[in-house]
Amino acid sequence: MVCFEKAPAKINLSLDVLDKRPDGYHNVEMVMTTIDLADRIELYALEEDQIKVSLWSRYVPNDERNLAYKAADALKKAYRITKGVHIRIEKSIPVSAGLGGGSTDAAAVLRGLNRMWSLEIPEDELASLGATIGSDIPFCIYGKTAMVTGRGERIEPLPTPPPCWVVLAKPNIGVSSRTIFQQLELDQLTHPNTARLMESLHAHDFTKLCQSIGNVLEHVTLALHPEVGRIKDKMRDAGANGVLMSGSGPTIYGLVEHESKAQRIYNGMRGFCHEVYAVRILG
Ligand code: ATP
């Protein structure tokens with residue numbers, strides 16, 4: 001038996017940090033949406049009771065450290081499943097980029113195995129299980145566009161953003177979320193206007209959306225990696241309407257209303273940056 005799942009990347013339209021919790025995690029408030037840049041997950045039933053992961057990437061392990069492996073393992077243990085699976089991952093989402101690549105793979109494995117093994121586990125149970133593996137996994141179970149709060153486990157659906165293009169530029173560095181969160185000074189944050197961002201989504205107002213995006217982690221990553229700031233300036237100079245870093249970076253994205261302009265910006269950014277993509281918002 002074989003099953004395929006699309007695992008789309010996410011971008012943060014906003015990322016705010018409210019406070020630090022006694023358990024060491026932060027309470028966040030984020031608006032996230034999915035984009036049409038995706039990994040492909042293939043699940044093959046195995047006779048033996050084992051989990052195998054294969055993928056071709058220098059940066060991602062193919063053993064029990066892989067988040068896709070952890071997801072399959074957690075599902076098997078929680079629901080006492082003694083079947084095996086071979087997970088093939090075709091990676092297109094850049095790694096350690098702030099685009100949730102590992103989390104979306106894990107979520108796709110949970111969705112896919114739920115179907116392949118006919119478990120009929122409701123989405124919210126899959127999301128709770130995902131939360132035990134990684135904070136961004138609950139959002140990736142539902143996808144679309146949502147307000148994400150708590151540690152990442154509370155998800156409230158939001159309207160899809162107006163149809164638009166996203167140009168993504170990732171410099172040739174990886175950024176660890178843990179390092180960026182550790183350097184965050186909670187009393188010195190300039191918080192994004194999340195309420196205004198939500199209004200723009202409800203009103204399907206592209207201009208207001210572009211004016212309301214914001215990410216409290218941006219200044220930390222920019223201070224550590226000045227090239228991220230230079231890419232942000234280039235993206236703005238190239239004419240993108242709203243420009244922001246996604247997650248803890250280093251990927252900078254630009255929102256653009258029309259395909260022809262997105263293509264122009266994509267071509268322009270390719271001269272400056274290692275990896276550039278132009279894709280649609282799925283939201
Ligand atoms: P985070 O915010 O958690 O850092 P990210 O989107 O910036 O997420 P990812 O692409 O998810 O970054 O990679 C983060 C780390 O997770 C890397 O060190 C990578 O080796 C590891 N990892 C484990 N499994 C996967 C996977 N299936 N795909 C990508 N990375 C994975």
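No experiment lies behind these values; they were computed from the predicted model shown.

1. Concerning the pairing of strand β10 (residues 252-256)
- A large share of β10 lies buried, amounting to five of its five residues.
- The two faces of β10 match: I252, G254 and V256 on one face and Y253 and L255 on the other face are all buried.
- As judged from the five bridges shared by strand β7 (residues 165-170) and β10, these two strands associate in the antiparallel manner. Residue pairing in the sheet places V167 in a bridge with G254 of β10.

2. Let's talk about the sheet that holds β10
- Read from one edge of the open sheet, four strands run β9-β10-β7-β11, paired in antiparallel fashion. The two strands at the open ends of the sheet, each matched to only one other strand, are β9 (242-245) and β11 (275-280). For this sheet the average axis-to-axis angle between neighbouring strands, irrespective of direction, equals 20°.
- Docked against the sheet, helix α9 (residues 226-237) engages β7, β9 and β10, running at close to 10° with respect to β10.
- The strands touched by helix α10 (residues 259-270) are β7, β10 and β11; relative to β7, the strand with the most contacts, the crossing angle is about 5°.

3. Focus: the site of the ligand
- The ligand sits among 18 residues. The nearest are L67, G98, G100, G102 and S177.
- Backbone polar atom of S96 to an oxygen atom of the ligand: 3.0 Å apart, as the coordinates give it.
- At 2.6 Å, a side-chain N or O of S177 approaches an oxygen atom of the ligand.
- Computed on the free molecule, the ligand has an accessible area of 600 Å², of which 78% lies beneath the protein chains in the complex.
- Considering each element in turn, the shell around the ligand owes the most residues, three residues, to helix α2 (residues 101-116).
- Partitioned by chemical class, the residues of the shell around the ligand number eight nonpolar, seven polar and three charged.

4. Side note on α9
- Relative to the 16 Å expected for twelve residues at 1.5 Å per residue, α9 spans 17 Å between its end C-alpha atoms, a close match to the ideal helical length.
- Among all positions of α9, only V228, G229, I231, K232 and M235 are buried. Projection of α9 onto a plane perpendicular to its axis shows the buried side chains occupying an angular sector of 160°, all on one side. Turned more than 90 degrees away from the buried face of α9 sit R230 and D237, all of them exposed.
- Buried-residue contacts for α9 involve β7, α8 (218-224), β9, β10 and α10.

5. Description of α2
- Between its first and last C-alpha atoms α2 spans 22 Å; for 16 residues at 1.5 Å apiece the expected length is 22 Å, and the two agree.
- Of all 16 residues that make up α2, 14 are buried, and the element is covered over most of its length.
- Residue S118 follows α2 closely and has a positive phi angle near 45°.

6. Thoughts on the domain arrangement of the protein chain
- One can read the domain layout of the protein chain as domain 1 (2-157) and domain 2 (165-280).
- Counting residues at the interface gives 25 residues for domain 1, matched by 35 residues for domain 2.
- Summing both partners gives a buried area of about 2200 Å² for domain 1 against domain 2, and 68% of it is carried by carbon and sulfur.
- Summed over the three residues of domain 1 that lose the most area to domain 2, namely L13, L15 and V17, the buried surface amounts to 25% of that side.
- Inspection of the domain 1/domain 2 interface yields zero salt bridges.

7. Side note on unusual backbone geometry
- Residue P250 is reached from G249 by a cis peptide bond, and omega for that bond is 5°.
- Its location among the elements puts P250 in the loop between β9 and β10.
- In this model, R80 sits at a positive phi of 45°, which is unusual for a non-glycine residue.
- Mapped onto the elements of the fold, R80 is located in the loop between α1 (67-78) and β4 (84-90).
- Overall, the relative accessible area of 75% leaves R80 in the exposed class.

What counts and how
Residue indices follow the written sequence of each chain, beginning from 1 at its first position. In keeping with the model being predicted, local features are shown solely for residues with a pLDDT of at least 70 and side-chain atom pairs are shown and tallied solely at 80 or more, while totals for entire chains, interfaces and linings include all residues. In computing side-chain values, all of the structure's heavy atoms are included and hydrogens and water are not. Only protein chains enter the calculation, and the probe is 1.4 Å; a residue is then buried if its accessible area is under 20% of its type maximum, exposed if over 50%, and partly exposed in between. Secondary structure is summarised from DSSP: a helix means a run of H or I of at least four residues, a strand means a run of E of at least two, and numbering begins at the N terminus for each. Paired strands are those between which DSSP finds at least two bridges. Note on geometry: axes are C-alpha line fits, over the in-contact stretch for helices, and angles between N-to-C directions span 0 to 180 degrees. It only takes one pair of heavy atoms within 4.5 Å for two residues to be counted as in contact. To be near a molecule or strand, a residue needs just one of its heavy atoms within 4 Å of it. Identification of polar contacts relies on pairs of N or O atoms within 3.5 Å, with a donor-acceptor requirement for protein atoms, meaning one able to donate a hydrogen and the other able to accept it, and with residues adjacent in sequence counted only if both atoms are side-chain atoms. Only the protein chains shown count as cover for residues, and all accessible areas are computed by the Shrake-Rupley method using a 1.4 Å probe. Residue type decides the class: Asp, Glu, Lys and Arg count as charged, Ala, Val, Leu, Ile, Met, Phe, Trp, Tyr, Cys and Pro as nonpolar, and the leftover types, Gly among them, as polar. Multiply 1.5 Å by the residue count of a helix minus one, and that product is the helix's expected span. This arc is taken over the directions from the axis of the helix to the C-beta atoms. Segmentation of the chain into domains, including their bounds, is taken from an automatic or database domain assignment. Using a 1.4 Å probe, buried area is obtained as the accessible area two parts lose upon being combined, added over both of them. Salt bridges are defined as contacts in which a side-chain nitrogen from Lys or Arg sits within 4 Å of a carboxyl oxygen from Asp or Glu.

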